[in-house]
Amino acid sequence: MFIFFKEIFEDLGRVQNKVLVVSPLNAIMEDQCKKLNKINVKVVQLSQKCQIIENNKDSCENGPGREFRKSFSELVVLKSFFNNVPIACLSGTLTGKHINALSKQLLISNFKVISVSPEKTNLKLIVCEKVKGTLMEKIENIYKSQIDQLLVERNNFPVTLMFMPMEYIAHAMSYAYYAFGGVSKITVNNAVFGCLYSNQDTEVLTCIITDLQSVQPRFRLVFTTTVVGMGF
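The rules we used
- Positions within a chain are numbered from 1, following the residues in the order the chain's sequence is written.
- Side-chain atom pairs in this predicted model are given and counted only at pLDDT of 80 or more, local residue features only at pLDDT of at least 70, and totals for whole chains, interfaces and linings cover all residues.
- Note that the side-chain values use all heavy atoms of the structure and ignore hydrogens as well as water.
- UniProt positions are given in the numbering used here, feature names are shortened, and annotations may be inferred rather than shown by experiment.
- Only one rule defines a salt bridge in this text: a Lys or Arg side-chain nitrogen within 4 Å of an Asp or Glu carboxyl oxygen.
- The secondary structure listing takes helices from DSSP runs of H or I that are at least 4 residues long and strands from runs of E that are at least 2 residues long, numbered from the N terminus.
- Exposure classes here rest on a 1.4 Å probe applied to the protein chains alone. A residue is buried below 20% of its type maximum, exposed above 50%, and partly exposed in between.
- Whether two strands pair comes down to DSSP finding at least two bridges between them.
- Multiplying 1.5 Å by the helix residue count minus one yields the expected span of that helix.
- The directions from the helix axis to the C-beta atoms form the arc being described.
- Should any heavy atoms of two residues lie within 4.5 Å, those residues are counted as being in contact.

The protein chain has a UniProt comment under Sequence similarities (unreviewed entry) that states "Belongs to the helicase family. RecQ subfamily."

Here it is in structure tokens:
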């Protein structure tokens, strides 16, 4: 990637008042581009869909996404094109250990750490008891408890996005349909639960996304994959 876009990096390094943002999230890139265009700031988005193969040996040994994150260690190459240019690294999960490792990877010795409390008054933290059994049984215990609670509370149930692999979403949706009376009674126009994933039916996708952007969403529990963060 760095070799392919070498000319672009060199050009950006010569011109003032330009910012290069490196982000793995398609949704964030698209949102930033739209907002910048609205205020007449010229912006270009260079993106490529990434796929993580779970059966890859390295992924199995080091955990899903490790290979994806490994690419960020190569960002140090950018420093050869941008001498003395300020660098800002943003994250919601970095620990002190990670910060030190990142500074070494990017060859940054003189840096400042600015942090704020992650506490948000509009977010609710739910701690679920970890049951014994298979992974499927553990995940089943979590989504069943949330669906049962949704059945009782309905509109008083806090809007919740539950992230899980696609195969578990199918089980969760089946149980939700069962709990709420079956597929003959529940449609996308009256459901309080739903799911979001790649290559989803456009009508359903638009319905759920539009509803979630409203002040009082009808959809209160949405099962989804990481597609919500990465962009559709």
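A look at the pattern of salt bridges
Enumeration over the complete set of coordinates arrives at 1 salt bridge. Close ionic contact of lysine 144 with glutamate 140 constitutes a salt bridge, the shortest N to O distance being 3.8 Å. Here lysine 144 pairs with glutamate 140, and both are found in helix α6 (residues 135–153), just 4 residues apart, close to one helical turn.

Quick notes on the pairing of strand β1 (residues 160–163)
What you see with β1 is a clean split: Thr160 and Met162 sit on the buried side and Leu161 and Phe163 on the side with no burial. Where β1 and strand β3 (residues 221–224) come together, 4 bridges link them in parallel fashion. Along β3, the bridge assignment pairs methionine 162 with phenylalanine 223.

Thoughts on unusual backbone geometry
Backbone geometry at leucine 107 places phi at a positive 55°, although glycine is not the residue there. With respect to the helices and strands, the residue leucine 107 is situated in the loop between α5 (96–105) and α6. With phi around 50°, arginine 154 is a residue other than glycine that occupies positive phi space. Using a relative accessible area of 40% as the deciding quantity, one classes arginine 154 as partly exposed.

Let's talk about α6
Each full turn of the α-helix corresponds to 3.6 residues, which orients residues three or four apart in the same direction. Helix length check: α6 (19 residues) gives 27 Å between terminal C-alpha atoms against 27 Å at 1.5 Å per residue, within 8%. Where α6 is concerned, the buried positions are Ile139, Tyr143, Gln146, Ile147 and Leu150. Take α6 and look down its axis: the buried residues cluster within an arc of 100°, on one side only. Looking at the buried residues of α6, the elements they touch are β1, α7 (166–179), β2 (193–196) and β3. Two residues or fewer past α6, arginine 154 is found with a positive phi of approximately 50°.

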